[in-house]
Amino acid sequence: MKENSLSYGQELFNQKKYSDALAFFLSLSSDSEEENIEIAYYLGLSYAKLSRYEDALVYLEQVVTSSDDKERVLQCRFILAVIYSISGRKRLASFELETLLEAHYKSELVYAALAFISWEESDVEKCLGYYEKSLSENPDNITALNGIGYVLACEEKDLTRALSFCKRAVDFSPNSAACLDSLGWVYYKLGLFDEARKYLEKASAIDGSRIEIARHLRALSLVGENA
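Residues numbered from 1 in each chain as written. Predicted model: local features only at pLDDT ≥ 70, side-chain atom pairs only at ≥ 80, totals over all residues. Heavy atoms only, no water.

**Notes on the packing of aromatic side chains**
Right, so step 1: Summed over all chains, the structure comprises 12 aromatic pairs.
Right, so step 2: An angle of 5° between the planes, with centres 4.6 Å apart, marks the rings of W185 and Y188 as stacked. Residue W185 and its partner Y188 are both found in helix α11 (residues 177-190); the two are separated by 3 residues, about one turn of the helix. Neither W185 nor Y188 differs from the other in exposure class; each is buried.
Right, so step 3: What links up through ring pairs into an aromatic cluster is the set Y8, F13, Y18, F24, F25, Y41 and Y42. (Phe/Tyr/Trp six-rings, centres within 6.5 Å; stacked < 30°, edge-to-face > 60°. Helix = DSSP H or I, 4+ residues; strand = E, 2+ residues; numbered from the N terminus. Buried < 20%, exposed > 50% of the residue type's maximum accessible area, 1.4 Å probe, protein only.)

Listed below in structure tokens is the structure:
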């Protein structure tokens, strides 16, 4: 395989043409183990970007077990953790994330991911603790700001603080359906229903497929019906 034979596929990937990049890398083969690992890396990333997670796992795990590039291995471990979490394999996700913490890899992101897993497992205190650790690493981490604000709102704990967190998240990411939804939900919990409707409807307009946004709008509509 020629030295620059991978560059076309890399360019496709960097241009976010993930289907084209996938097709390109699937067409390649090499007698070089190093190049095969490189191909596996981009196949894993392309499959992940296309939400074909089971296919992505095959190649990302190959990189983790075979690559000598430590930074790339850590990157793939983080993606594996996300996929494991999405697919309900929480123990595998936690294992990968703990491994990343030991390696001091992007701790703010790892703590936020562990917080999400803890929330899914209904461990509220651990969830909030991880979000606090994430924010101690980076006070402007949007995922952690949004996450801790949402959890505090759901638990009706310190709603003033929840509002502050969610407002900051929306300031950083004003077009995020998740952040707008969380802010709307905090306003709902505060009894400020006009403000809640404003943000929940914005969230729905951006991503109407989210089940939680629909659930929150339904809760808001019931308030109107019972008024």
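**Considerations on the pattern of salt bridges**
Right, so step 1: All chains considered together, the criterion is met by 11 salt bridges.
Right, so step 2: Across the pair R168 and D140 runs a salt bridge whose closest N-O atoms are separated by 3.0 Å. Taken as a pair, R168 in helix α10 (residues 159-172) and D140 in the loop between α8 (124-137) and α9 (142-155) lie far apart in primary sequence, 28 residues in all.
Right, so step 3: Taking the relative accessible area as the measure of exposure, R168 reaches 30% and is therefore partly exposed.
Right, so step 4: R210 is the salt-bridge partner of D207, the closest N and O atoms lying 3.2 Å from each other. (Salt bridge = Lys/Arg side-chain N within 4 Å of Asp/Glu carboxyl O.)

**What about the packing of helix α4 (residues 53-66) against helix α5 (residues 70-86)?**
Right, so step 1: Interaxial distance between α4 and α5 falls to 9 Å at its minimum, and their mutual angle equals 150°. The angle between α4 and α5 falls in the class roughly antiparallel. In this structure, the crossing between α4 and α5 has a hand that is left-handed. Within the contact between the two elements, α4 uses Y53, A56, L57, L60, E61, V63 and V64 and α5 uses R72, V73, C76, R77, I79, L80, I83, Y84 and I86. (Axes fitted to C-alpha atoms, helices over the stretch in contact; angles between N-to-C directions. Parallel < 35°, antiparallel > 145°, perpendicular 65-115°, else oblique. Left-handed = near helix turned anticlockwise from the far one by under 90°. Contact = heavy atoms within 4.5 Å.)

**Here's the deal with the side chain of S67**
Right, so step 1: Inspection of the secondary structure puts S67 in the loop between α4 and α5.
Right, so step 2: Engagement of the side chain of S67 in a polar contact is seen with the backbone nitrogen of D69, the distance being 3.0 Å.
Right, so step 3: Apart from the residues within four sequence positions on either side, S67 is in contact with I37, Q62 and V73. (Polar contact = N/O pair within 3.5 Å; in protein donor to acceptor, adjacent residues only side chain to side chain.)

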